[in-house]
Amino acid sequence: MNDAQITTRLVSDAEAGELLTLRRAAFVTEAQLYGDPNIPPLTQTLHELRDDLAREDVVTIGAWLGHRLVGSVRVEIEESRATLGRLAVAPDMQGRGIGTQMLFEVLPYLPEQTTEIWVFTGKDSKQNLAMYTKHGYEEQYDKAAGDLTYTYLRRILGAAEVRDGGAAQEQQDA
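What you see is a predicted model, and the numbers here were worked out from it, not measured in a lab.

This next bit is on the nonpolar core. Grouped together as the largest cluster of nonpolar side chains are 50 residues, with contacts concentrated most on V75, L84, I98, L110, I117, Y132 and Y137. With eight residues, the top contributor of residues to this core is helix α1 (residues 16-34). Setting aside residues no more than four positions away along its own chain, Y137 makes contact with L84, L103, I117, V119, Y132, L153, R154 and R155.

This next bit is on the packing of α1 against helix α3 (residues 46-54). Close contact between α1 and α3 brings their axes to 10 Å; oriented N to C, the two are set at 110°. With respect to α3, the axis of α1 lies roughly perpendicular. Every pair of crossing elements has a handedness; the one defined by α1 and α3 is right-handed. Note on element contacts: α3 touches α1 through L46, L49, R50 and L53, opposite A16, G17, L19, L20 and R23. A breakdown of the residues in the contact of α1 with α3 according to their chemical character gives six nonpolar, one polar and two charged.

Here we come to the pattern of salt bridges. It is possible for side chains bearing opposite charge to pair when their charged atoms get close. Counting across every chain of the model gives ten salt bridges. Residues R74 and D52 are paired through a salt bridge, measuring 2.7 Å at the closest nitrogen-oxygen approach. Placement of R74 in strand β3 (residues 68-78) and of D52 in helix α3 is noted, with a sequence separation of 22 residues between them. The pair formed by R74 and D52 is uniform in burial state, with each residue classed as buried. R55 is paired through a salt bridge with D57; the nearest N and O atoms lie 2.8 Å apart.

All buried positions along helix α5 (residues 126-134) are accounted for by L129, M131 and Y132. With its buried residues spanning 160° around the axis, α5 presents them on a single face. When the buried face of α5 is taken as reference, the exposed residues oriented beyond 90 degrees from it are K126, Q127 and K134. Residues of α5 that are buried sit in contact with β4 (81-89), α4 (98-105), β5 (116-122), β6 (138-145) and β7 (148-156). After α5 finishes, the residue G136 shows a positive phi value of roughly 95°.

Turning to the packing of aromatic side chains, a few remarks are in order. Scanning the entire structure with this criterion turns up five aromatic pairs. Seen from their ring centres, W118 and Y141 are 6.1 Å apart, and the 50° between their planes marks the pair as tilted. Here W118, found in strand β5, pairs with Y141, found in strand β6; they are 23 residues apart in sequence, far enough to count as distant. Within the aromatic cluster, the residues linked to one another by ring pairs are W118, F120, Y141, Y150 and Y152. The ring of W64 has R9 sitting right over it, with the charged end atom 3.8 Å from the ring centre.

Attention now moves to unusual backbone geometry. Residues other than glycine predominantly adopt negative phi, and peptide bonds predominantly adopt the trans conformation. Of note, E79 is a non-glycine position whose phi angle comes to about 55°, a positive value. Phi is positive for R86, close to 50°, though the residue is something other than glycine. Accessibility expressed as a relative area gives 23% for R86, which makes it partly exposed.

Here we take up the pairing of β3. Of all eleven residues that make up β3, eight are buried, and the element is covered over most of its length. With eight bridges joining them, strand β2 (residues 58-65) and β3 adopt antiparallel strand pairing. Note that in β3 the partner of L65 across the bridge is R68. A loop of two residues connects β2 with β3, the two strands running antiparallel in sequence, and G66 in this loop sits at a positive phi of about 65°. As paired elements, β3 and β4 share seven bridges and run antiparallel to each other. By the bridge assignment, E76 is partnered in β4 with T83. The hairpin formed by β3 and β4 contains two residues between the paired strands, and E79 there has a positive phi angle of roughly 55°.

Reading the values: rules and limits
- Once a new chain begins, its residue numbering starts again from 1 and follows that chain's sequence as written.
- Per-residue local features of the predicted model are confined to residues with pLDDT of at least 70, and side-chain atom pairs are confined, for both listing and counting, to 80 or more; whole-chain, interface and lining totals are unaffected and use all residues.
- To obtain the side-chain values, all non-hydrogen atoms of the structure were included, while hydrogens and water were left out.
- Grouping buried Ala, Val, Leu, Ile, Met, Phe, Trp, Tyr and Cys residues that are joined through side-chain atoms within 4.5 Å yields what is termed a nonpolar core.
- Here's how the labels work: a residue is buried when its accessible area is under 20% of the maximum for its type, exposed when over 50%, partly exposed in between, all with a 1.4 Å probe on protein chains only.
- Each helix is a run of H or I in the DSSP string that is no shorter than four residues. Each strand is a run of E no shorter than two, and both are numbered from the N terminus.
- Whether two residues are in contact is decided by their heavy atoms, any of which lying within 4.5 Å being enough.
- Axis definition: a line fitted to C-alpha atoms, limited for helices to the stretch in contact. Angles are taken between N-to-C directions and run from 0 to 180 degrees.
- Every angle not falling under 35 degrees, over 145, or within 65 to 115 is termed oblique; those three ranges are roughly parallel, roughly antiparallel and roughly perpendicular.
- In this scheme the crossing of two helices becomes right-handed for a clockwise turn of the near helix relative to the far one and left-handed for an anticlockwise turn of less than a right angle.
- For this classification, the nonpolar set comprises Ala, Val, Leu, Ile, Met, Phe, Trp, Tyr, Cys and Pro, the charged set comprises Asp, Glu, Lys and Arg, and every other residue, Gly included, is treated as polar.
- Definition used for salt bridges: Asp or Glu carboxyl oxygen within 4 Å of a side-chain nitrogen of Lys or Arg.
- When we speak of the arc, we mean the arc of directions from the helix axis to the C-beta atoms.
- In this analysis, rings of Phe, Tyr and Trp, with Trp reduced to its six-membered ring, are considered paired at centre separations within 6.5 Å, and the interplanar angle assigns stacked below 30 degrees, edge-to-face beyond 60, and tilted for intermediate values.
- Consider the ring centre and the ring normal. A charge sits over the ring if Lys NZ or Arg CZ is within 6 Å of that centre and within 35 degrees of that normal.
- A pair of strands is treated as paired once DSSP finds two or more bridges between them.

Structure below.
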């Protein structure tokens, strides 16, 4: 990425409004793809988002370009499993590797006992599916939720990946 450096850190409650705006902007294309303006990232309220940010079993990481939030990912941790969700990149910043960067930025935040990461996306979201499979996620199953069908993918982690923040994987990708 030849833009200014992207930095990442946890999203704070004070940044909840900015996060909500980012997610809504990023998920409009998904809503259009599925012809459904009521997908959860577009209907979540600010109060619900703040409650989510306060949960001890959820980590929300943001990517900043200067003072602007340009990407985010939500990670729910349950025993040895982490589930990624709401991976969002500002529409004008898509295609620059921020989504991929966010996949690796979650690793240092995972407890050492984490052995697998799950993610789901719409079955027709070809770009999302391609990004996840490129980075080691394997399709496991599809599940209908109303009119939408989600594809669930899983990536098994090696112990070193959680501790080194994915540095070994990043070196393989280089």
